[in-house]
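Fold and contact review
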Amino acid sequence: MKQITSPQNPFIKSLVQLQEKAKARRQSGTFLIEGQREIQLARKGGYEIETILFLPDMLPETQVAILAGRKADIIEISREVYQKLAYRDTTEGIIAIAKSKSLELADLQLGDNPLILVAEAPEKPGNLGALLRTADAANLDAVIVANPKSDMYNPNIVRSSVGCLFTTQIATGNTDDVIAFLKSKNINIYCATLQDSTQYHTQDYTTPSALVVGTEATGLTQEWRDASTKNIIIPMQGEIDSMNVSVAAAILIFEAKRQRGF
């Protein structure tokens, strides 16, 4: 079995670039996954694992072999190397190199009556990770990120989604393309916005529906409000007029799921 003990190893340096640089991830078509559960979910979601690096005093080789499957290479690394690569404070001693997937709108496989979450330009990776966790909990048909601020394989997103990046269909695109895609599929567009809106629970989400949320700071752009089937709002009884985007999305999603009989 191959072993790497030096953090200065050129291969390890290239993996540090994968953690830190979106350009490196795009050019190589790969990204890093840290943690046993995340790797398991990635494999279940159809992601190809190229290589697994592990710390032998934290994880037995037999367990690593199961996670690696038949095709992935396995490399034993030193603690110094692991500390160079590890992104999380809580650690499990295993990191995988995985191949990225195409996230084109055309690649989405939708049924006859899809329920989709659209997030326009989410600003914080933690919020996007929380949205992906909610999407997984509700078993949504897809999550679409319009005008993404960072690539979906950013380590902050991988970490904050707790592996849910791999459990739901995801696509990205600019706002115009996403709107055109939804309309081409005859999917109703329900935009969460303050302007010209009606209370969210009065609408019927039992037909093909996309629930669209924007940023907490500025909300949705005018393009979405113009394209909306109906603008919707969550009634607020306190002093502020907005809430965390992942919380708002969860309220909308589970109302739609309730109407659909879960």
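Coordinates for the structure precede this section.
To start, this report covers the structure provided alongside it. (Residues numbered from 1 in each chain as written. Predicted model: local features only at pLDDT ≥ 70, side-chain atom pairs only at ≥ 80, totals over all residues. Heavy atoms only, no water.)

Moving on: the pattern of salt bridges. Within the structure shown, the criterion is met by 4 salt bridges. Among the ionic pairs, arginine 79 bridges to aspartate 57, the shortest N-O distance being 3.2 Å. Of this pair, arginine 79 sits in helix α5 (residues 79-85) while aspartate 57 sits in the loop between β3 (49-54) and α4 (61-68), placing them 22 residues apart in sequence. Relative accessible area serves as the criterion here: at 36%, arginine 79 is assigned to the partly exposed category. A salt bridge links glutamate 255 to arginine 258, with the nearest nitrogen and oxygen atoms 2.8 Å apart. Remark: arginine 258 and glutamate 255 occur in helix α10 (residues 245-259); sequence separation between them is 3 residues, near one turn of the helix. For glutamate 255, a relative accessible area of 10% corresponds to the buried category. (Salt bridge = Lys/Arg side-chain N within 4 Å of Asp/Glu carboxyl O. Helix = DSSP H or I, 4+ residues; strand = E, 2+ residues; numbered from the N terminus. Buried < 20%, exposed > 50% of the residue type's maximum accessible area, 1.4 Å probe, protein only.)

Axes are the key here: two packed helices are described by the angle between their axes and the distance separating the axes. Here helix α3 (residues 36-44) crosses α4 at 30°, and the two axes come no closer than 10 Å. One element, α3, and the other, α4, form an angle in the roughly parallel class. When α3 is examined against α4, the residues Gln36, Ile39, Gln40 and Arg43 are found in contact with a partner set consisting of Gln63, Ile66, Leu67 and Ala68. (Axes fitted to C-alpha atoms, helices over the stretch in contact; angles between N-to-C directions. Parallel < 35°, antiparallel > 145°, perpendicular 65-115°, else oblique. Contact = heavy atoms within 4.5 Å.)

Before going further, it helps to examine the sheet that holds strand β5 (residues 94-99). One open sheet accounts for 5 strands, arranged β1-β4-β3-β5-β2; its pairing is mixed. Edge positions in the open sheet fall to β1 (2-4) and β2 (30-34), since each of these has one partner strand only. Along the sheet, successive strands turn relative to each other by an average axial angle of 25°, direction set aside. Packing against the sheet, α4 makes contact with β3, β4 (73-77) and β5, and its axis sits at approximately 165° to β3. (Pairing = 2+ DSSP bridges.)

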